[in-house]
Amino acid sequence: MTADANSKGAPTPNQLIRAARAGDSTALGALLELYRAYLRLLARVEVGRRLQGKLDASDLVQDTFAEAYRNFRLFRGDQEPQFVQWLRQILAARAANLVRHYLGTRARDVRLEQDLNASLDHSARLLGAELAGSLTSPSHAASRREQAVVLAEALERLPPDYRDVIVLRNLEELTFPEVARRL
């Protein structure tokens, strides 16, 4: 399924992007909601690595959504993959602000944001690679991103213990003994 085709009759991500660009705030809300599970999964990995016990991933996603909603006029793309990348960049910037807050760093450090952005991109690639293998064409890359969103939604429906094992092993890349210790 592509971002312009949807068998359920619901608006596709690309249709929602176009409607949001035309000023439809309901479409923008629906568009953001499509990526809640995906962003929560990526945020959980970053929160787990850097701010364990200090912050909930859902709070980071809410902050990301609020920022995206306020600044949607700054989004320059017109396709789902560009929108997903833009959301990941916002998530990385919000995470960097929280790391600075909780770890006591006052000055803005662009390297921290770049590190978080790279880490989120790595997690997103791992999530997509689990489904799509080594496909490399642009259309396959877009499909991988879409599949990563679907995979995140499926993980969201798993019992927490099952989801934790998959996330710790495949996204945080822990060994099985490390997973056992964390659980």
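Residues numbered from 1 in each chain as written. Predicted model: local features only at pLDDT ≥ 70, side-chain atom pairs only at ≥ 80, totals over all residues. Heavy atoms only, no water.

**Remarks on the environment of R163**
In step 1: Looking at the element boundaries, R163 is found in helix α8 (residues 160–171).
In step 2: Taking the relative accessible area as the measure of exposure, R163 reaches 18% and is therefore buried.
In step 3: Sequence separation between R163 and A152 is 11 residues; the distance between their C-alpha atoms is 9.9 Å.
In step 4: Not counting residues within four places of it along the chain, the set of residues in contact with R163 comprises R44, L155, E156, R157 and L158.
In step 5: Within the local environment of R163, its side chain forms a polar contact with the backbone oxygen of L155, the two atoms lying 3.3 Å apart. (Helix = DSSP H or I, 4+ residues; strand = E, 2+ residues; numbered from the N terminus. Buried < 20%, exposed > 50% of the residue type's maximum accessible area, 1.4 Å probe, protein only. Contact = heavy atoms within 4.5 Å. Polar contact = N/O pair within 3.5 Å; in protein donor to acceptor, adjacent residues only side chain to side chain.)

**Points about the packing of aromatic side chains**
In step 1: Per the stated rule, a full pass over the model turns up 7 aromatic pairs.
In step 2: Both rings, one in F72 and one in F83, keep their centres 6.3 Å apart while their planes meet at 65 degrees; by these two values the pair is edge-to-face. Note that F72 is positioned in the loop between α4 (57–70) and α5 (80–103) and F83 in helix α5, a separation of 11 residues in sequence. Grouping residues by exposure puts F72 and F83 together as buried.
In step 3: Site record: aromatic cluster; members linked through ring pairs are Y35, F72, F75, F83 and W86. (Phe/Tyr/Trp six-rings, centres within 6.5 Å; stacked < 30°, edge-to-face > 60°.)

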